[in-house]
Amino acid sequence: MLCAGCTRGLYALSIVGFLSLSRCVKRTEHLWKMYARGLFCVLCVSWAVVAGAAVPSVYGKTNVVKFQTVATDAVKRKIYVGTGCRMAILNGDTFRRDMTGNVIFMSAALGDNCSANVVNGVGVGVNSGVVLAAHSTQVSVFDVTKKTIAATLDLSKYGSVGRITNGFRNSSERQVFFVCVTDPGTPGSGTIVVVQTDIPFTEAKVISVLDMEMVVHDVKLHNATLLYASTAMGLTELYWDFVALRKVRTIATPQNVNDGMDIRVDTAYIAATSKGLFVVDLNEEYPAGGKMVGSATGTGWFGGVRVLDAFALVAADPGMHMFDVSDPTSPTLVRTCKIATGKGWNIDIDPTDKTVFLADYDGGLHIIKLSSFLVPTVVGHFGTGAFATCT
C-alpha cells in the first residue's frame, strides 16, 4: 500500500469535521491521530500524482506515440503516448529502464467506456502547448501547461477517429490539425476533418471536412499547403488553402494494404501491412504526379514507418524492421529488432541522437537507441508489458 492506514485516516477526516475541538478534546484524541494519518495519506497520494507516479493498472493497448523537441521548454524533449484510454506525456530528456518516473502528466480515462476509447491518434501542437488525442469518435484537446482538457469535439457524425497530424499555425493565434476518420457503417468510406484550436486553447472547432470516398489510414504534412494521405487506393495528394482542403491526385499503389507513412523530401514511405514497405517517388515529372518505384517485404504486419538518414524504420509484428533505402528502387532489409511481445504498432524518432520510440500494441512503449552501425539497444519502457531487449 502507498500509505498505511489510509482507509481509517480518510474516514476520520469526515468525522472530525463534525466535532467541536473545545468540547471533545479527550474524546476525539484518537480521532485526531487518525485525522493526521489521513491528512498525511492525502499529501502522500497527491505527491505521488505530482511526482509522476502512475498505477500500472491504468495502462492499456499502446497504439500511438509522438516525440517533440522544444528548446525553450524546461523539459526540452517530450514523448506523447496513448496507453489504453489515456494519454501520457513523458520527460524524454533522460531515459531509464522503467519510465514510470518520467511521467509529466497522465490524463484521466477518456470517454465513458475505457475499453471502447483506446487512444488511436495524437497530434502535437507547435511549441508543445496543445495536444490532441483521438479516441473512439471524439478528439480531446489538452492544454499542456494547465494539464487539463480544454475541449472535446464529438466527431461521431463522421465516424471513428484515427491518426492526427501534428499542428501548424493557421494564423498567429490558431493552429490546425488534420484528423483521419473512418465510418464503420459505410464500408470503403473515409474523411479528413480539419480541427482548429485557438491560443490559449480554450476553444476547438471543425473548420473544414473533406470526404475522401475511400478509407484513410494516415495523413502527413509536406509543407504548409501540401499534404499526402495514405489511403486504400494509394497515396493521395491534398491541397490546403487555409480555408478548405481538396484532393489533387492519387498515386496508385496496391490497394487495401496501406497503413502508416512518412515523407522525406520528395519520397514517401508506406507501411503496407501484410505487403511490406512501399516507396513512392513524388516527383512531378510522372504523369500522375508521382509513382511507386520500390518495395520490400519482411515478416509480420507493417503498421508505421519513420525515415532516419538512409534507413526506413518500420513498426511491425516482430518489433522493428530496418531497411536500407539509399536506393529507393530497391529497399533492403538490414536488421530486425524482435521484441518479446512482438506487435510493433506505431513509431517515431529523435534523429538528433538516433533514438526510436516504438509503440508495441501489447507490450507498451519501448525506447531504443541505435548505434552508429544501427545496432539497436532498448534503454527504456513505459506502460503495459515489461522491459524487453532486442533479439
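Preceding this section is the structure that the text describes.
Figured I'd write up the structure that's included with this text.

**Here we look at the overall build of the chain**
Of regular secondary structure, the chain possesses two helices and 29 strands. Expressed as a percentage of its 391 residues, the buried residues of the chain come to 52%. Taking contacts inside the chain between residues at least 6 apart in sequence as the whole, the part at least 24 apart equals 45%. Of the roughly 17200 Å² of accessible surface on the chain, 56% is carried by carbon and sulfur atoms.

**A few points about the pairing of strand 19 (residues 267-271)**
Buried residues dominate strand 19, accounting for five of its five residues. Burial along strand 19 is two-sided: Thr-267, Tyr-269 and Ala-271 and Ala-268 and Ile-270, pointing in opposite directions, are all buried. Of the strand pairs in this sheet, strand 18 (residues 261-264) and strand 19 are connected by four bridges, and their pairing is antiparallel. Directly across from Arg-264, in strand 19, lies its bridge partner Thr-267. Between strand 18 and the antiparallel strand that follows it, strand 19, lie two residues; Val-265 among them carries a positive phi value of about 55 degrees. By the bridge criterion, five bridges tie strand 19 to strand 20 (residues 277-281) in an arrangement that is antiparallel. Counterpart to Ala-271 in the pairing with strand 20 is Leu-277. In sequence, strand 19 turns back onto strand 20 through a hairpin of five residues, with Thr-273 there showing a positive phi of about 45 degrees.

**Brief notes about the state of the cysteines**
Applying the stated criterion across every chain, the model contains one disulfide. Residue Cys-337 pairs covalently with Cys-390 via a disulfide, S to S 1.8 Å. In this structure the cystine formed by Cys-337 and Cys-390 twists about its S-S bond by roughly -70 degrees; its chirality is therefore left-handed. Placement of the pair is Cys-337 in strand 25 (residues 332-338) and Cys-390 in the segment after strand 29 (376-382), with a sequence separation of 53 residues. On the basis of relative accessibility, which here comes to 0%, the residue Cys-337 falls in the buried class.

The rules behind each value
Residues numbered from 1 in each chain as written. Predicted model: local features only at pLDDT ≥ 70, side-chain atom pairs only at ≥ 80, totals over all residues. Heavy atoms only, no water. Helix = DSSP H or I, 4+ residues; strand = E, 2+ residues; numbered from the N terminus. Buried < 20%, exposed > 50% of the residue type's maximum accessible area, 1.4 Å probe, protein only. Contact = heavy atoms within 4.5 Å. Areas by Shrake-Rupley, 256 points an atom, 1.4 Å probe, with all protein chains shown as cover. Pairing = 2+ DSSP bridges. Disulfide = S-S within 2.5 Å.

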